[in-house]
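# Per-entry structural report
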Amino acid sequence: MAVTEILLLVASFLLLLAIGVPIAVSIGLSTALTLMVSIPAMPALTTIAQRMATGLDSFALLAIPFFILSGQLMNRGGIARRLVDFAKVLVGSLPGGLAFVNIIACMFFGAISGSAAAAASAIGGFMTPRMEKEGYDKGFGAAVNLTSATIGLVIPPSNILIVYSLASGGVSIAALFLAGYVPGIILGVGLMMVSGAIAFKRRYKTGEWVGIKAGARKLLDAIPSLFLLVIVIGGIVAGFFTATEASAIAVLYTIVLTFIYKELKVAELPSVLLDTVKTTAIIMLLIGTSMGMSWVMAYENIPQEVSNFLVTLSDNPIVILLIINLILLFVGVFMDMTPAVLIFTPIFLPVVTALGMDPIHFGIVMVLNLCIGLCTPPVGSVLFVGCSVAGVSLQKVLKPLIPLFAVMILVLMLVTYIPELSLWLPGVFDL
Amino acid sequence: MKNKIDKILEKILVLLMAIMVLNVLWQVASRFLLNSPSGFTDELAGFLLIWVGLIGSGYATGQGLHMAIDILPKSLEGARFLWVMRFIHFSVALFALLVMIIGGSNLVYVTLELEQLSSALQLPMGYVYLAVPLSGILMIYYSIYYLIFTESNGSN
């Protein structure tokens, strides 16, 4: 009976997770226990080990450590500061200017580095003291910073979209990357509107316009950093190179740039590489064990059961999409993004494609949805990074987060029900 | 002992990571500059990722880096805290033993037995998969280290 296995899998996973066992180990151990109930122990354990190893044996996945590495380099190498200065020229003199600066800088930095946690810590590190100086509430500043840091996951290049491409059985990475632009920008504008309104109501100071001359200089300063986006996305979309090759070029480009800026010494490279290995290893163990769990779920026929169950609830696509979104929001609260994408894509993708949804569109909806979970306790990795970089307690951030969550959910609904928002841009490029 | 192992692992991992970057840059360069796409880089990249990912996971266990929900352990004190910490380290060791060492060793054994070779480098795949049991050994070592550490340091 599949029901027993589903219950065992879910119950043992949640129990281990709640006790405080590392997430990757909780996934791997609950998967092993479940499979050992169905088939003899030796083949069960060997199969999971095999899924872990073959799951990582992927050229596409290699883009993840490389984008992490270029993000780490940017973090140390003054690129974050140049992006903040550039954003300040663009929006710094509007009411709530610093909040806008934070959001725009996060969008650029998150896009370039492909990591929400890196964006939250790099941009947050710059913005926190500036916001404090101008009288911004610390909790509010941190909330703006960490929600806008997630936008970089939707705007390309994005590691999580690469993971989705893998989980969905090879949806084009170039198409997914292009599909993320419009939803990402809408989310950015939405967050700006709400944080602008709050800043206006609280009468926060507006920054001064730096003047044309200084503004132009800051703009020129930021161009080499922004040009990276042109190389990476342009190269992938034009088909010059794969996402992985683009990510390696991004590494080379940022290394050269940080040396030119004289903000990194050769002797510091090993420690940057080690930091990258640490982050990579954490994600890779999650990917490996999630691949195992996803395989066991398929073996136990769970995607089919879930699909049958969803169809009994309603035959209205709008309702089914709403249910899937609610389930993913719930999942996102308890699970990190990478395993959530790897485990739930094979379950939900067949359901939504049967409803006529484009897999590219679903990828964007899923990532946008799980972004919200990154900012919620208890597993929100970006939430913790955002709080710690701002030096503010979780309790102080939660209340200012509420209106920003409302925006994220509103944008999620828009993107879910208006496929053109995701599909228009890839369509323009015939992808 | 732990410090020594940490240091050795750090050196190996940094080296592998650097090779990974150079390998893919070479792939791009060979295609665009030399006009003769290199045949092995693609495959080597995947193998390196397995090794960095898994050996790195072992190392990350020693550094206590793997993400977890720590609400329960943080809310406890004294004997209860100790029991939860014991359970966590025990779970990591159990996972490493069952899946990575037992399952992984069998995987290595079966693939070597079948003489499965990689397509470009003609490398026995069993050696590539050796990263799984090796990572398992590291995880067990570190979780036992922490178990002993927990016992001797009490609830601090």
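Residues numbered from 1 in each chain as written. Chains lettered and ligands numbered in written order. Predicted model: local features only at pLDDT ≥ 70, side-chain atom pairs only at ≥ 80, totals over all residues. Heavy atoms only, no water.

With that settled, the discussion passes to the overall build of chain A. When you go through chain A residue by residue, the secondary structure sums to 21 helices and zero strands. Taken over C-alpha atoms, the radius of gyration comes to 22 Å for chain A, in line with the 22 Å a tight globule of 431 residues would show. With the C-alpha coordinates aligned to their principal axes, the bounding extent of chain A is approximately 70 × 50 × 45 Å. A fraction of 80% describes how many contacts in chain A between residues 6 or more apart in sequence connect residues 24 or more apart. By element, 70% of the accessible surface of chain A is carried by carbon and sulfur atoms, the whole surface being about 15,400 Å². (Helix = DSSP H or I, 4+ residues; strand = E, 2+ residues; numbered from the N terminus. Rg over C-alpha atoms; globule rule 2.2 N^0.38 Å. Contact = heavy atoms within 4.5 Å. Areas by Shrake-Rupley, 256 points an atom, 1.4 Å probe, with all protein chains shown as cover.)

We now examine the packing of aromatic side chains. Per the stated rule, a full pass over the model turns up ten aromatic pairs over all chains. Centroid distance B:Y145 to B:F149: 6.0 Å. Interplanar angle 20°. Geometry classified as stacked. Here B:F149 and B:Y145 lie together in helix α6 (residues 131-153), a separation of four residues that amounts to about one turn. The class for B:Y145 is partly exposed, based on a relative accessible area of 31%. Centroid distance B:Y146 to B:F149: 6.5 Å. Interplanar angle 90°. Geometry classified as edge-to-face. Of the two residues, B:Y146 and B:F149 both sit in helix α6, three residues apart, roughly one turn of that helix. The exposure class of B:F149 is partly exposed, given its relative accessible area of 40%. In this structure an aromatic cluster arises from ring pairing among A:Y136, A:F140 and A:Y204. Positioned over the ring face of A:F140 is A:R202, at 5.3 Å from the centre of the ring. One Lys or Arg, B:R86, reaches over the ring of B:W83 and ends 4.4 Å from the middle of that ring. (Phe/Tyr/Trp six-rings, centres within 6.5 Å; stacked < 30°, edge-to-face > 60°. Buried < 20%, exposed > 50% of the residue type's maximum accessible area, 1.4 Å probe, protein only. Lys NZ or Arg CZ within 6 Å of the ring centre and 35° of its normal.)

For the rest of this paragraph, the subject is helix α17 (residues 337-354) of chain A. Residue and element names in this part refer to chain A. Between the first and last C-alpha of α17 there are 24 Å, a value that for 18 residues agrees with the 26 Å anticipated at 1.5 Å per step. T345 marks where α17 bends most, by close to 50°; the proline P346 follows one to four residues later. Along α17, 14 of the 18 residues are buried, which leaves the element largely enclosed by surrounding structure. At the exit of α17 stands G356, carrying a positive phi of roughly 95°. (Expected span 1.5 Å × (residues − 1). Bend = angle between axes of the 7 residues up to and from the residue.)

To continue, consider the confidence of the model for chain B. Caution is warranted with low-pLDDT regions, since their predicted coordinates should not be read in detail. Residue and element names in this part refer to chain B. For chain B, per-residue confidence averages 90 on the pLDDT scale, and residues scoring 70 or more make up 98% of the total. The secondary structure element of chain B with the lowest average pLDDT is helix α3 (residues 71-75), at 85, and the one with the highest is helix α4 (residues 78-113), at 94. Taken over the whole predicted complex, pTM reads 0.88, whereas the ipTM for its chain interfaces reads 0.94. (pLDDT = per-residue confidence, 0-100.)

A few words now on the environment of A:T276. Position of A:T276 relative to the elements: it lies in helix α14 (residues 269-299). Accessibility expressed as a relative area gives 0% for A:T276, which makes it buried. In sequence terms A:T276 and A:L62 are 214 residues apart; their C-alpha atoms lie 12 Å from each other. Not counting chain neighbours up to four residues away, the residues in contact with A:T276 comprise A:P65, A:I68, A:L69, A:Q72 and B:M17.

The end-to-end C-alpha separation of helix α2 (residues 23-38) of chain A is 23 Å, in line with the 22 Å expected for 16 residues at 1.5 Å each. The element α2(A) is largely enclosed, with a buried count of twelve among its 16 residues. A:I23, A:A24, A:V25, A:S26, A:I27, A:G28, A:L29, A:S30, A:T31, A:A32, A:T34 and A:L35 are the residues of α2(A) that are buried. The inward-facing, buried residues of α2(A) abut α1 (2-19), α3 (41-56), α14 and α17 of chain A together with α4 of chain B.

For the rest of this paragraph, the subject is unusual backbone geometry. Residues and elements named next belong to chain A. In this chain, P156 is followed by P157 through a cis amide linkage whose omega measures -10°. Position of P157 relative to the elements: it lies in the loop between α9 (151-154) and α10 (159-167). For K262, which is not glycine, the phi torsion reads 55° and is therefore positive. As for its placement among the helices and strands, K262 is situated in the loop between α13 (243-260) and α14.

In this section: the interface of chain A and chain B. On the chain B side, the residues contacting the 56 residues of chain A number 52 residues. Of the roughly 4,700 Å² buried between chain A and chain B, counting both surfaces, carbon and sulfur atoms make up 84%. Summed over the three residues of chain A that lose the most area to chain B, namely A:I19, A:F59 and A:V277, the buried surface amounts to 11% of that side. Note that A:E245 is salt-bridged to B:R31, the shortest N-O span being 2.7 Å. Viewed at the interface, chain B and chain A are joined by six residue pairs in polar contact (both at pLDDT 80 or more). (Buried area = accessible area lost by both parts, 1.4 Å probe. Salt bridge = Lys/Arg side-chain N within 4 Å of Asp/Glu carboxyl O. Polar contact = N/O pair within 3.5 Å; in protein donor to acceptor, adjacent residues only side chain to side chain.)

Residues and elements named next belong to chain A. Their axes nearest at 8 Å, the elements helix α4 (residues 63-76) and helix α6 (residues 97-113) cross at an angle of 135°. In terms of orientation, α4 lies oblique with respect to α6. On α6, the residues touching F67, G71, M74 and N75 of α4 are F109, I112 and S113. (Axes fitted to C-alpha atoms, helices over the stretch in contact; angles between N-to-C directions. Parallel < 35°, antiparallel > 145°, perpendicular 65-115°, else oblique.)

Once that is clear, we can look at the pattern of salt bridges. A full pass over the atoms with the stated rule returns eight salt bridges over all chains. The closest approach of N and O atoms between A:R202 and A:D137, which form a salt bridge, is 4.0 Å. Residue A:R202 is found in the loop between α11 (173-201) and α12 (212-237), and its partner A:D137 is found in the loop between α7 (116-133) and α8 (138-149); the two are separated by 65 residues along the sequence. Judged by relative accessible area, which is 41%, A:R202 ranks as partly exposed. Its salt-bridge partner being B:D6, residue B:K2 comes within 3.2 Å of it at the nearest N-O pair.

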